[in-house]
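Structure at a glance
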Amino acid sequence: MHPLASLGHAAWLLRHFSYKAVFIWGPFLYGVGALVAIPCIKSESFAGLCVAIFIIGNGLGLLETAVNPFITSRV
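Scope of this entry: the structure provided in the associated data block. (Residues numbered from 1 in each chain as written. Predicted model: local features only at pLDDT ≥ 70, side-chain atom pairs only at ≥ 80, totals over all residues. Heavy atoms only, no water.)

A word on the overall build of the protein chain. Helices and strands together make up the secondary structure of the protein chain, namely three helices and zero strands. Mapped in sequence order, the helices and strands of the protein chain form the string α-α-α. Expressed as a percentage of the 75 residues in the protein chain, the buried residues total 28%. Considering only contacts in the protein chain between residues 6 or more positions apart, those separated by 24 or more positions represent 71%. Looking at the protein chain as shown, the accessible area adds up to about 5000 Å², and 74% of this sits on carbon and sulfur atoms. (Helix = DSSP H or I, 4+ residues; strand = E, 2+ residues; numbered from the N terminus. Buried < 20%, exposed > 50% of the residue type's maximum accessible area, 1.4 Å probe, protein only. Contact = heavy atoms within 4.5 Å. Areas by Shrake-Rupley, 256 points an atom, 1.4 Å probe, with all protein chains shown as cover.)

If you want it as structure tokens, here you go:
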């Protein structure tokens, strides 16, 4: 999941916007994935849970891609 997030929308967001956009979009995706997981867990849907975990992983991958260079540029 991380390579999809870093090579896909994370790089694009960093290139066209700023770190701030990524720091907002990453936790938003994480939260959406967590909210999607709740009904999937209640209905015992394996496919839905996989989608929710994919969304959560993309949010975390987005944050990892942005935070590491941000921290090294500030030190």
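On we go from here.
So, about helix α3 (residues 46–74). Here α3 spans 42 Å end to end across 29 residues, near enough to the 42 Å set by a 1.5 Å rise per residue. One side-chain oxygen of the residue at the start of α3 lies 3.1 Å from the amide nitrogen of Gly 48, identifying that residue as Ser 45. (Expected span 1.5 Å × (residues − 1). Polar contact = N/O pair within 3.5 Å; in protein donor to acceptor, adjacent residues only side chain to side chain.)

This part covers the packing of aromatic side chains. Think of a pair of aromatic rings as described by two things: how far the centres are apart, and how the planes are tilted against each other in angle. Enumeration according to the criterion identifies five aromatic pairs in this entry. Considering the side-chain rings of Tyr 19 and Phe 23, the 6.2 Å spacing of their centres and the 25 degrees angle between planes classify their relative orientation as stacked. On the criterion of helical spacing, the pair formed by Tyr 19 and Phe 23 is a turn pair, its members being four residues apart in helix α2 (residues 19–42). Both rings, one in Trp 25 and one in Phe 28, keep their centres 5.2 Å apart while their planes meet at 25 degrees; by these two values the pair is stacked. Linking Trp 25 with Phe 28, this pair stays in helix α2, spanning three residues, or about one helical turn. Residue Trp 25 is classed as partly exposed on the basis of its relative accessible area of 34%. Residue classification places Phe 28 among the partly exposed residues on the basis of a relative accessible area of 46%. Through successive ring pairs, a cluster of aromatic residues spans Tyr 19, Phe 23 and Phe 70. (Phe/Tyr/Trp six-rings, centres within 6.5 Å; stacked < 30°, edge-to-face > 60°.)

Grouped together as the largest cluster of nonpolar side chains are five residues: Ala 10, Leu 13, Val 22, Leu 62 and Ala 66. Contributing elements (two or more residues each) for this core: α1 (2–16) and α3. (Core = buried A, V, L, I, M, F, W, Y, C linked by side-chain atoms within 4.5 Å.)

The first and last C-alpha atoms of α2 sit 36 Å apart over 24 residues, in line with the 34 Å expected at 1.5 Å per residue. What α2 keeps buried is the set Val 22, Gly 26, Leu 29, Gly 33, Ala 37 and Cys 40. Measuring from the backbone nitrogen of Lys 20 back to the side-chain oxygen at the start of α2 gives 3.3 Å, which picks out Ser 18 as the cap. Backbone geometry just after α2 places Glu 44 at a positive phi near 55 degrees.

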